[in-house]
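# Remarks on the overall topology
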Amino acid sequence: MTLLAFFLLTLLVFSGNSSSPFMHNAFNSTSFASCLHFLYVISHVEHDLLCLTGSCCSALRFQRHKYYFQRKTMLDLASKIGINYGRQGNNLPSPYQSINFIKSIKAGHVKLYDADPESLTLLSRTNLYVTITVPNHQITSLSSNQTTADEWVRTNILPYYPQTQIRFVLVGNEVLNYNYGNISANLVPAMRKIVNSLRFRGIHNIKVGTPLAMDSLRSSFPPSNGTFREEIAGPVILPLLKFLNGTNSYFFINVHPYFRWSRNPMNSTLDYALFQGNSTYTDPQTGLVYRNLLDQMLDSVLFAMTKLGYPHIRLAISETGWPNSGDIDETGANILNAATYNRNLIKKMTASPPIGTPSRPGLPIPTFVFSLFNENQKPGSGTQRHWGIMHPDGQPIYDIDFTGQRPLTGFNPLPKPTNNVPYKGQVWCVPVEGANEAELEDTLRTACGRSNTTCAALAPGRECYEPVSVYWHASYAISSYWAQFRNQNVRCYFNGLAHETTTNPGNDRCKFPSVTL
């Protein structure tokens, strides 16, 4: 024990001061442990002071420089708000035009859902950070063979890096919801092999991760109750967290407060979901105070990771946003809410110093807004095709500033929404304007072929037989089929041929089947 440490120990033990943090009537085992911890800290402080003139000085400086560099990198990544560039549409502009649009909104990072060669080449001429994605169906082959992973890196990274500033490789997207072999068991081995390939080539500034959805949690409310689902916690999440911790990477989460709010819009505060108003929620277990729904959801993930023994893994938001439109029963999906959410999100995430979350204040969180365009070929409900911030011609659906510099009062006013409360009434499903007649005829055959009752009213002499046209018969068949099978998750979409309406398409003689909300 050094002279300084011995002197401090003597001072503490024999001070006789009962108010000392180490004394309480007697020098018990608890105070002794506290004292030892204190001496441990003091000895390290003394060690640092002494090593300033010794050989360990360079090692200490290296560690401090390493921490400073990591913190600077985190802040840099988090300060550049990203945009998700998906391409599931038949009306979208070329990669060249799209990347120019991305530059025009001053995004700092772009996330691709693949490793498109044209996009990666074009991005080399920009200052944009880039994230690329391994498609889900390639994960199994990458996991089983290091040579396959090496080839993937050789094909999708080496021709572009470092001129294209690739910063993340995401292996799959929401793989736990993807039915393709035993993909979840192959996830971490595939990630590890890609890291091996990158390290072998001396590439250390590309992090590898995988985006998961919020449904990977069994419980997320209150936030302190955040827990991963039992069936994935051990076999999937624990190996993933170990990998992320060992590679100093991020836990990527696709987090959409819209879906959480819209499940119960009459008993949830819209302003709270949009980062507005004065509503708060206090977690009864931790006492942490929440002022928006996103923070609640993020903290539930942080608490879930902590329960598995990994409290310090960094968090990144791979998708978040708000739909600008949707089906009639998708309450709150409108332009004003989408603009409000994304503008306030960017303000929060670009704040300096970083705001973080209640459980991890000051945490920089890299964030990707979802998404660049409305993608008209995505399946599912109407909101799935309406998350974009731009029309295909590059005109904004609403104004937005990805730097976070523009005051929230500096945007042009937007129309007031009419769907912030649930719609009550009848809804029909009808062909979109300009629908292709040949495709409508195929849909007519499909709809009428599943059940004898769907198109019974279209038989000759029946009430809906006339007028005899493909459009009229398909209109009835589509609405009838949707109304009959909607409870089996049939959507009013039909590969882009149909949409919902509150206007009755029938007449006095022919009553089109409808759904009552």
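Refer to the preceding data block for the structure.
Keep in mind it's a predicted model, so treat the numbers as computed, not measured.

A covalent bond bridging the sulfur atoms of two cysteines is what the word disulfide describes. Scanning all chains against the criterion turns up three disulfides. The disulfide partner of Cys 429 is Cys 492, and the gap between their sulfur atoms is 2.0 Å. Every disulfide takes its handedness from the sign of the S-S torsion; for Cys 429 and Cys 492 that torsion is 95°, giving right-handed. With Cys 429 in strand E16 (residues 426–431) and Cys 492 in the loop between helix H15 (470–485) and strand E17 (498–501), this residue pair connects regions lying 63 residues apart in the sequence. Overall, the relative accessible area of 3% leaves Cys 492 in the buried class. Disulfide connectivity for the protein, with bonded cysteines indexed by sequence position, reads 1-5, 2-3, 4-6.

Looking at where Asn 334 falls in the secondary structure, it is placed in the loop between strand E12 (314–320) and helix H13 (335–349). Asn 334 sits in the buried class, given a relative accessible area of 7%. Polar contacts involving the side chain of Asn 334 include one to the side chain of Asn 420, which spans 3.0 Å. The residues contacting Asn 334, other than those within four sequence positions of it, are Trp 322, Pro 323, Asn 324, Ser 325, Pro 417, Asn 419 and Asn 420.

Quick look at the sheet that holds strand E18 (residues 515–516) now. The three strands lie next to each other as E17-E16-E18, forming an open sheet whose pairing is antiparallel. Each edge of the open sheet carries a strand with a single partner, namely E17 and E18. The strands touched by H15 within the sheet are E16, E17 and E18, with E16 carrying the most contacts at an inclination of about 135°.

On to the pattern of salt bridges. Considering all chains together, one arrives at 11 salt bridges under this definition. As a salt-bridge pair, Asp 114 and Arg 87 come within 2.8 Å of each other at their nearest N and O atoms. With Asp 114 in the loop between strand E2 (109–112) and helix H5 (117–123) and Arg 87 in the loop between strand E1 (82–85) and helix H4 (95–104), the pair connects residues that are 27 residues apart, well separated along the chain. Look at Arg 87 and you get partly exposed, because its relative accessible area is 38%. Taking the shortest distance from any N to any O, the salt bridge between Arg 229 and Glu 231 comes out at 2.7 Å. Within the structure, one salt-bridge network assembled from shared partners comprises Arg 87, Asp 114 and Asp 116.

For the rest of this paragraph, the subject is the pairing of E12. Across the seven residues that make up E12, a large majority, seven, are buried. Where strand E9 (residues 250–254) and E12 come together, five bridges link them in parallel fashion. Residue pairing for E12: Phe 251 is matched across the bridge by Leu 315. Sheet topology note: the E12/strand E15 (residues 367–369) ladder contains two bridges and is parallel.

With that settled, consider the nonpolar core. With 100 residues, the main nonpolar core has Ile 132, Ile 157, Phe 251 and Phe 402 as its most contacted residues. When residues of this core are assigned to their parent elements, the largest contribution, nine residues, is made by helix H12 (residues 293–307). With residues near it in sequence (within four places) discarded, Ile 157 still touches Ile 132, Trp 152, Ile 166, Val 169, Leu 198 and Ile 206.

A separate point is the environment of Ser 216. Locating Ser 216 in the fold gives a position in the loop between strand E6 (211–213) and strand E7 (217–219). A sequence separation of 15 residues divides Ser 216 from Glu 231, and the C-alpha atoms of the two residues are 9.8 Å apart. Apart from the residues within four sequence positions on either side, Ser 216 is in contact with Leu 176, Phe 228, Arg 229 and Ile 232.

This part takes up helix H7 (residues 146–156). Those residues of H7 that sit buried are Ala 149, Asp 150, Trp 152, Val 153 and Asn 156. Along H7, the residues classed as buried sweep out an arc of 160° about the axis, all on the same side. Where H7 is buried, its residues meet H5, strand E3 (129–134), helix H6 (139–144), strand E4 (165–171) and helix H8 (183–200). Its side-chain oxygen 2.7 Å from the backbone nitrogen of Thr 147, Asn 145 forms the N-cap of H7.

Here we have nine strands laid out as an open sheet, ordered E5-E4-E3-E2-E1-E15-E12-E9-E6, and parallel in their pairing. Each end of this open sheet is capped by a strand with a single partner; those strands are strand E5 (207–209) and E6. Shown here is a sheet whose adjacent strand axes are inclined to one another by a mean of 25°, direction ignored. Seen against the sheet, H7 touches E3 and E4 and runs at an angle of roughly 140° to E3.

This paragraph deals with H13. Under the 1.5 Å per step criterion, the end-to-end length of H13 is 21 Å for 15 residues, consistent within 8% with the ideal 21 Å. The buried count for H13 comes to 12 of 15 residues, which makes it a mostly enclosed element. For H13, every residue scored as buried is listed here: Asn 337, Ala 338, Ala 339, Thr 340, Tyr 341, Asn 342, Arg 343, Asn 344, Leu 345, Ile 346, Lys 348 and Met 349. The N-cap residue of H13 is Asn 334: its side-chain oxygen and the backbone nitrogen of Leu 336 are 3.4 Å apart.

So, about unusual backbone geometry. With an omega of 0°, the peptide bond running from Ser 352 to Pro 353 counts as cis. Along the chain, the position of Pro 353 falls in the loop between H13 and strand E13 (356–357). Phi at Asn 248 is positive, roughly 55°, even though this residue is not glycine. Turning to its location among the elements, Asn 248 is positioned in the loop between helix H9 (230–247) and E9. Positive phi, normally seen in glycine, also occurs at Asn 495, with a value near 55°.

This part is about the packing of aromatic side chains. One pass over the structure, following the stated rule, counts 20 aromatic pairs. The interplanar angle of 55° and the centroid separation of 5.6 Å between the aromatic rings of Phe 259 and Trp 387 together place this pair among those described as tilted. Of this pair, Phe 259 sits in helix H10 (residues 257–262) while Trp 387 sits in the loop between E15 and E16, and the two are 128 residues apart along the sequence. A relative accessible area of 31% places Phe 259 in the partly exposed class.

Rules behind the numbers
- Residues numbered from 1 in each chain as written.
- Predicted model: local features only at pLDDT ≥ 70, side-chain atom pairs only at ≥ 80, totals over all residues.
- Heavy atoms only, no water.
- Disulfide = S-S within 2.5 Å.
- Helix = DSSP H or I, 4+ residues; strand = E, 2+ residues; numbered from the N terminus.
- Buried < 20%, exposed > 50% of the residue type's maximum accessible area, 1.4 Å probe, protein only.
- Polar contact = N/O pair within 3.5 Å; in protein donor to acceptor, adjacent residues only side chain to side chain.
- Contact = heavy atoms within 4.5 Å.
- Pairing = 2+ DSSP bridges.
- Axes fitted to C-alpha atoms, helices over the stretch in contact; angles between N-to-C directions.
- Salt bridge = Lys/Arg side-chain N within 4 Å of Asp/Glu carboxyl O.
- Core = buried A, V, L, I, M, F, W, Y, C linked by side-chain atoms within 4.5 Å.
- Arc of directions from axis to C-beta.
- Expected span 1.5 Å × (residues − 1).
- Phe/Tyr/Trp six-rings, centres within 6.5 Å; stacked < 30°, edge-to-face > 60°.

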